[in-house]
Amino acid sequence: MSSEPTPTAPEQSPASPPSPGSLRIPEHRRTRDRSPSPMRGYLIPSPLPTRRTRTFSATVRASEGPVYKGVCKCFCRSKGHGFLTPADGGPDIFVHISDIEGEYVPVSGDEVTYKLCSIPPKNEKLQAVEVVITHLAPGTKHETWSGHVISS
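What counts and what doesn't
Residues numbered from 1 in each chain as written. Predicted model: local features only at pLDDT ≥ 70, side-chain atom pairs only at ≥ 80, totals over all residues. Heavy atoms only, no water. Helix = DSSP H or I, 4+ residues; strand = E, 2+ residues; numbered from the N terminus. Buried < 20%, exposed > 50% of the residue type's maximum accessible area, 1.4 Å probe, protein only. Contact = heavy atoms within 4.5 Å. Areas by Shrake-Rupley, 256 points an atom, 1.4 Å probe, with all protein chains shown as cover. Core = buried A, V, L, I, M, F, W, Y, C linked by side-chain atoms within 4.5 Å. Salt bridge = Lys/Arg side-chain N within 4 Å of Asp/Glu carboxyl O.

- Naming follows an unreviewed UniProt entry, where the chain appears as Calcium regulated heat stable protein 1 of Crocodylus porosus.

Now the structure itself:
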């Protein structure tokens, strides 16, 4: 046995992680080729119930229901949805862009007729379907779906 101390590596405490500079990644592992994803570059599907995602039975129930009257409270074409205020009072009704019939984009104050359909999964809230603008709000500019602006 010799009395000389043996050289040791500097110790790291087990609680502290190694610094990023002390890690060495092999040259062949530095760049990683990613597998092509079919969803890369696309938007996440919308959870809003649309005409396309509604079940056939819900569509039939809505089309057989009564026709209600109301007024457009707000509608955002870029977001694709808005709300209607029922003529008989009550809470506002959600409306999706796919459920609007006719050539005009609804604006605040437009009088509309609509039918009701429940919103899944709990079917506690209602959505307006088969929405038709009956009277355009006077003194406002209306836009067609193709982009033409018309003053009323």
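1. Considering the overall build of the chain
So, step 1. Looking only at helices and strands, the chain has one helix and eight strands in total.
So, step 2. Secondary structure elements of the chain, listed N to C terminal, follow the sequence α-β-β-β-β-β-β-β-β.
So, step 3. For the chain, the residues scored as buried account for 23% of the 152 residues in total.
So, step 4. For the chain, long-range pairs separated by at least 24 residues make up 54% of all intrachain contacts whose partners lie at least 6 apart in sequence.
So, step 5. Carbon and sulfur atoms make up 58% of the accessible area of the chain, which amounts to about 11800 Å² in all.

2. Observations regarding the nonpolar core
So, step 1. One finds Cys72, Phe75, Leu84, Ile93, Val95, Ile100, Val105, Val112, Tyr114, Ala128, Val131 and Ile133 forming the largest nonpolar core, which totals 12 residues.
So, step 2. Listing elements by their share of this core, those giving two or more residues are β1 (68–76), β3 (93–96), β5 (111–119) and β6 (125–135).
So, step 3. The leading source of residues in this core is β6, at three residues.
So, step 4. When residues no more than four places from it in sequence are discounted, the contact partners of alanine 128 are Leu84, Ile93, Phe94, Val95, Asp99, Tyr114, Lys115 and Leu116.

3. Topic: the environment of proline 91
So, step 1. Mapped onto the elements, proline 91 comes out in the loop between β2 (81–86) and β3.
So, step 2. Separated by 35 residues in the primary sequence, proline 91 and leucine 126 place their C-alpha atoms 9.7 Å from one another.

4. Observations regarding the pattern of salt bridges
So, step 1. In total, this model carries three salt bridges according to the counting rule given.
So, step 2. Residue glutamate 143 is joined to arginine 77 by a salt bridge in which the shortest nitrogen-to-oxygen separation is 2.9 Å. With glutamate 143 in strand β7 (residues 141–143) and arginine 77 in the loop between β1 and β2, this residue pair connects regions lying 66 residues apart in the sequence.
So, step 3. Relative accessible area serves as the criterion here: at 31%, glutamate 143 is assigned to the partly exposed category.
So, step 4. As a salt-bridge pair, glutamate 130 and lysine 115 come within 3.5 Å of each other at their nearest N and O atoms. Residue glutamate 130 is found in strand β6, and its partner lysine 115 is found in strand β5; the two are separated by 15 residues along the sequence.

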